[in-house]
Amino acid sequence: MTGPTEPAALSATGLGHRYRARAGWALEDCTFTVPRGRVTALVGRNGAGKSTLLHLAAGLLRPTTGRVRVLGAAPGTPEARARVSLLTQEKPLYPRFTVADTLRMGARLNRVWDREAAERTVREGNIALDARVGELSPGRRARVALALALGKRPDLLLLDEPLSNLDPLVRGEIMATLMAEAAEHGTSIVMSSHVLSELEQTCDWVVLLREGRMALSEDTDELRTGHVLLTGHRDGAPDLAGHTVVHARTNGRQLTALVRLAGELAGDWQVRRPSLEDVLIGHLRTEPEENEVKHPTDPAHPTQPTAPTHRNHEDAA
């Protein structure tokens with residue numbers, strides 16, 4: 001457990017970024033906090049701003065508005081660079097270097113270097129130290145890049161979809177290495193991922209972006225227990241006033257809704273607890289400008305949900 005005075009792993013206040021003056025905002029007015037020692041899933045559709053956020057946290061971009069902090073420090077400062085590692089999907093490595101050359105480079109470039117951890121990460125992938133990086137498979141190159149990141153012994157590890165082009169077996173092996181790192185050293189991890197089914201067993205915090213704005217930043221257990229999946233008859237569905245209907249759909253006369261509860265639930269509903277994947281998909285389907293579900297008045301549009309709701313209070317977070 002982290003102490004009460006320790007700064008957050010990652011935090012932002014009014015954070016915004018756009019790449020050109022006339023371009024739209026990649027991120028806008030984002031305020032959130034990720035506690036230390038968490039394995040955090042950074043979730044959002046393509047273009048939601050996930051990579052922009054990670055590059056801001058790594059100090060590769062500067063905010064247009066607001067501020068971001070990593071471990072209490074401004075990104076890009078010597079203190080932050082020494083304690084933060086970023087691993088991207090591109091995994092830039094020198095293809096003509098051997099694996100041993102690559103690890104020696106890591107040792108020379110970093111003030112702190114854990115040679116044993118770096119070499120162990122490579123050995124676990126059955127990678128020869130004299131192998132040339134350019135001749136390795138994508139999965140093995142990813143493991144060498146991870147060895148560089150872990151050898152730095154970071155307090156915060158930022159992962160921008162580095163496993164997205166790997167097969168499930170390799171993904172599982174590398175995820176196991178990351179989970180062991182987090183458990184043994186208390187490393188805070190923020191990982192962008194589209195594979196929502198993997199997050200249930202690996203992540204204990206979620207940051208969700210919708211169209212460049214912060215929608216969720218919460219503990220995964222609280223997120224699951226705060227939501228329910230409801231099924232009921234489309235006609236005369238019980239009133240859900242006071243609760244937040246995140247997403248709803250109809251199939252014939254049956255209404256199914258993902259609901260964030262705000263107290264006791266009344267009415268004749270079939271209720272079940274959603275998985276984390278159910279919750280995230282529901283929030284990803286929600287439009288940020290219009291989060292109201294109304295009773296249908298036009299029978300020509302039977303897919304419009306029927307349960308009344310209120311604007312999601314987290315859109316303003």
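In short, a report on the structure. All residue numbers refer to position in the chain's written sequence, counted from 1. Under the rules for a predicted model, residues below a pLDDT of 70 receive no local features and side-chain atom pairs below 80 are neither given nor counted, while totals for whole chains, interfaces and linings still include all residues. Values reported for side chains reflect all heavy atoms of the structure, with hydrogen atoms and water molecules removed beforehand.

Let us look at the pairing of strand S8 (residues 205-210). To sort residues, take the accessible area from a 1.4 Å probe on protein chains only and compare it with the maximum for the residue type: under 20% means buried, over 50% means exposed, and anything in between is partly exposed. Helix and strand assignments come from DSSP, with helices taken as H or I runs of at least 4 residues and strands as E runs of at least 2, each series counted from the N terminus. Among the six residues of S8, six are classified as buried, and the element is accordingly described as predominantly covered. Residues Trp205, Val207 and Leu209 line one face of S8 and the alternating positions Val206, Leu208 and Arg210 line the opposite face, and both faces are buried. Sheet topology places strand S3 (residues 39-43) next to S8; four bridges connect them, and they run parallel. Within S8, the residue paired with Thr40 across the bridge is Trp205. We treat two strands as partners when DSSP finds at least two bridges between them. Pairing between S8 and strand S9 (residues 213-219): six bridges, direction antiparallel. Its bridge partner lying in S9, Val207 is registered against Ser217.

The four strands lie next to each other as S11-S12-S10-S13, forming an open sheet whose pairing is antiparallel. Strand pairing shows two members of the sheet lacking a second neighbour, strand S11 (244-251) and strand S13 (270-272), which therefore form its edges. Geometrically, the sheet is characterised by an average inter-axis angle of 20° between neighbouring strands, direction not taken into account. When strand S10 (residues 227-233) meets S13, the two strands line up antiparallel, connected through three bridges. The residue bridging Leu229 from the neighbouring strand is Arg272, located in S13. Sheet strands touched by helix H8 (residues 276-285): S10, S11, strand S12 (254-260) and S13. Its angle to S11, the strand with the most contacts, is close to 90°. Orientation is described by lines fitted to C-alpha atoms, with helices fitted over the stretch in contact, and by angles between N-to-C directions that extend from 0 to 180 degrees. Two residues qualify as a contact provided that any one of their heavy atoms is within 4.5 Å of a heavy atom in the partner residue.

Another aspect to go through is the nonpolar core. Formed by 44 residues in total, the largest nonpolar core has its most connected members in Val43, Ile174, Leu178, Ile189, Leu199, Leu208 and Leu280. Among all residues touching Val43, those that are not within four sequence positions of it are Lys50, Ser193, Leu196, Leu199, Val207, Leu208, Leu209, Leu280 and Leu284. Listed in part, the 27 residues of the second largest apolar core include Ala48, Val70, Val84 and Met214. Definition used in this section: a nonpolar core is a set of buried Ala, Val, Leu, Ile, Met, Phe, Trp, Tyr and Cys residues joined via side-chain atoms within 4.5 Å.

In this section: the pattern of salt bridges. The rule for a salt bridge is simple: a side-chain nitrogen of Lys or Arg has to be within 4 Å of a carboxyl oxygen of Asp or Glu. One pass over the full model with this rule turns up 15 salt bridges. With its nearest N and O atoms 2.8 Å apart, the salt bridge here joins Asp155 to Arg83. On the criterion of sequence distance, the pair formed by Asp155 in the loop between helix H5 (138-151) and strand S6 (156-160) and Arg83 in helix H2 (residues 78-83) is long-range, its members being 72 residues apart. Asp155 gets classed as partly exposed once you look at its relative accessible area, which sits at 30%. Among the salt bridges present, the one from Asp114 reaches Arg153, with a minimum N-O distance of 2.9 Å. Here Asp114 is found in the loop between helix H3 (99-109) and helix H4 (115-123), whereas its partner Arg153 is found in the loop between H5 and S6, with 39 residues between them in sequence. For Asp114, a relative accessible area of 23% corresponds to the partly exposed category. Given the relative accessible area of 19%, Arg153 is considered buried.

Relative orientation of the contacting elements H5 and helix H6 (residues 168-185) amounts to 10°, with a least axis distance of 10 Å. Here H6 runs roughly parallel to H5, going by the angle between their axes. Listed contacts from H6 to Gly139, Ala142, Arg143, Leu146 and Leu150 of H5 are Val170, Glu173, Ile174, Thr177, Leu178 and Glu181. Reported orientations rely on four angle classes, namely roughly parallel under 35 degrees, roughly antiparallel over 145, roughly perpendicular from 65 to 115, and oblique for the rest.

Right, let's talk about the side chain of Thr40 for a bit. Checked against the element boundaries, Thr40 lands in strand S3. Its relative accessible area of 0% is what places Thr40 among the buried residues. Once residues within four sequence positions are removed from consideration, Thr40 is found in contact with Val34, Ile189, Val190, Met191, Cys203, Trp205 and Val207.

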